[in-house]
Each structure stands twice: as C-alpha cells, then as structure tokens.
Amino acid sequence: MRSSMLPSSVDAAAAIAPGVLRAVLSKDEIITRIRLRVENPESLVITPLLDPEGFDQDSVDLRLGTHFLMPQVPPEPYVDLAGHERTNQTYLQLHAPLGSYFVLPAHQTVLGATLEFVKMPYDVSGEILTKSSIARTFIMIETAPWIHPSYRGCLTLEIANVSNTAIILYPGIPIGQ
C-alpha cells in the first residue's frame, strides 16, 4: 500500500518542490503514523503487522486474506450494466485457512481481501498495487486501487489470473503494497 498526502498536508513537500500538491509518505513517515494512538485522526493502523521487514522506502507489504468470492456463471450470457435486465451475480464463497491454498484457474477472477485491516488517516489517501513478484506470474490484484482518506477495513482485491496456467494462491503471502 502506497500512501499519498492530500493538499492540506503538503507543507514540507511544497518547501522541497514548490507547486507540488501531492507527495508519497516515506518509510519513516509511515512508521511515525503507525505509532500514533488510534484515536489520533492522523494515525495509520495496519493490523496484524507481523513482519517488521514488510516496509519498503515508500510502501507497506499487504498479505492475501483467507476468504474468497468466486463469480458463478450468470443465467444469461451477458451482464446488463444499465440494469434493464440485471440478474444478481452469484458467488461461491470459499475459505482457504492459513497454511492451505486456493487454485485460481487460468483466465478467471476471484474477489479476495487483504489479511490486514487498514485505518487510513483523515489527511492521507493510498493506493494498493500488485507486488512485482506476483505481477510477473500474470496475477493482477487491483482494478480499483484507490484507498480514500479515513477508510477503515480490509482492502478488497479483484484478483485476476490473466495467464494461460492455473495459479496457486497461498493465504498470508505478500501480494500487494
């Protein structure tokens, strides 16, 4: 997960690069915000944060959770996005406990979530991106990567296997940042 400061918090960034209205939090800034009390509106909460090495210079590794929703074939051969003949999308609920795995067939998608719960500060937005090691297997996790200020919850992952081969997903592996 990468964090971006909103215009109300860019005084330091503006001093370095006048006219810049957006900046990325550094590792030190992320750690400082994590250490703030949860009641502080500027605090960042990521829990469980089990790996103290899970920080890069401007991001935090997030792991794959254990619950998945696999879309089922709709009764019609199409989905009407305008809602004129909208049918309810049905999902198969799957649970893969830590230590087990989930097989995502080639050219299939599944909804998942991060193992971590995230509480964003009021003045910071974020973005979740696929870790490059995961992306090289032709897995994408983010079709809606933006994390709004003050967001609270596990992050939904729209996981797509765009390869020609089934991929084994292990809950708990670092999948995004």
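Preceding block: the structure.
It should be emphasised that the depicted structure is a prediction, and the values quoted were computed from it without experimental measurement.

1. Focus: the overall build of the protein chain
Counting its secondary structure elements, the protein chain contains 3 helices and 14 strands. Considering the protein chain as a whole, with its 177 residues, one finds that 35% of them fall into the buried category. Across the protein chain, every contact between residues at least 6 apart in sequence was considered, and the portion connecting residues at least 24 apart equals 72%. Accessible surface for the protein chain amounts to roughly 10100 Å². Of this, 58% is attributable to carbon and sulfur atoms.

2. So, the pairing of strand S12 (residues 152–161)
Alignment of strand S8 (residues 109–119) against S12, held across 8 bridges, turns out to be antiparallel. Each bridged residue has a counterpart across the sheet, and for Gly-112 the counterpart in S12 is Leu-157. The pairing of strand S10 (residues 139–140) with S12 spans 2 bridges and is classified as antiparallel. Paired with Met-140 across the strands is Ala-160, a residue of S12.

3. Quick word on the pattern of salt bridges
Inspection of the entire model under this criterion finds 4 salt bridges. Arg-33 serves as the salt-bridge partner of Asp-123, at 2.7 Å between the closest nitrogen and oxygen. Of the two residues, Asp-123 sits in the loop between S8 and strand S9 (124–127) while Arg-33 sits in helix H2 (residues 27–35), which places them 90 residues apart along the sequence. In this structure, Asp-123 and Arg-33 share a single accessibility class: buried. Arg-37 is the partner of Glu-39 in a salt bridge, and the nearest nitrogen-oxygen pair spans 3.0 Å.

4. Topic: the side chain of Asp-123
The exposure class of Asp-123 is buried, given its relative accessible area of 2%. At 2.7 Å, the side chain of Asp-123 forms a polar contact with the side chain of Arg-33.

5. Concerning the nonpolar core
If you look at the biggest cluster of nonpolar residues, it comprises 28 residues, and the most contacted ones within it are Phe-102, Leu-104 and Ile-159. At the level of secondary structure, the elements contributing two or more residues to this core comprise strand S5 (67–71), strand S7 (102–104), S8, S12 and strand S13 (167–169). With 3 residues, S12 is the single largest residue contributor to this core. For Ile-159, the contacting residues outside a window of four places in its chain are Leu-64, Phe-68, Leu-104, Gln-108, Thr-109, Val-110, Gly-112, Ile-139, Met-140, Ile-141 and Leu-169.

About the thresholds
Residues numbered from 1 in each chain as written. Predicted model: local features only at pLDDT ≥ 70, side-chain atom pairs only at ≥ 80, totals over all residues. Heavy atoms only, no water. Helix = DSSP H or I, 4+ residues; strand = E, 2+ residues; numbered from the N terminus. Buried < 20%, exposed > 50% of the residue type's maximum accessible area, 1.4 Å probe, protein only. Contact = heavy atoms within 4.5 Å. Areas by Shrake-Rupley, 256 points an atom, 1.4 Å probe, with all protein chains shown as cover. Pairing = 2+ DSSP bridges. Salt bridge = Lys/Arg side-chain N within 4 Å of Asp/Glu carboxyl O. Polar contact = N/O pair within 3.5 Å; in protein donor to acceptor, adjacent residues only side chain to side chain. Core = buried A, V, L, I, M, F, W, Y, C linked by side-chain atoms within 4.5 Å.

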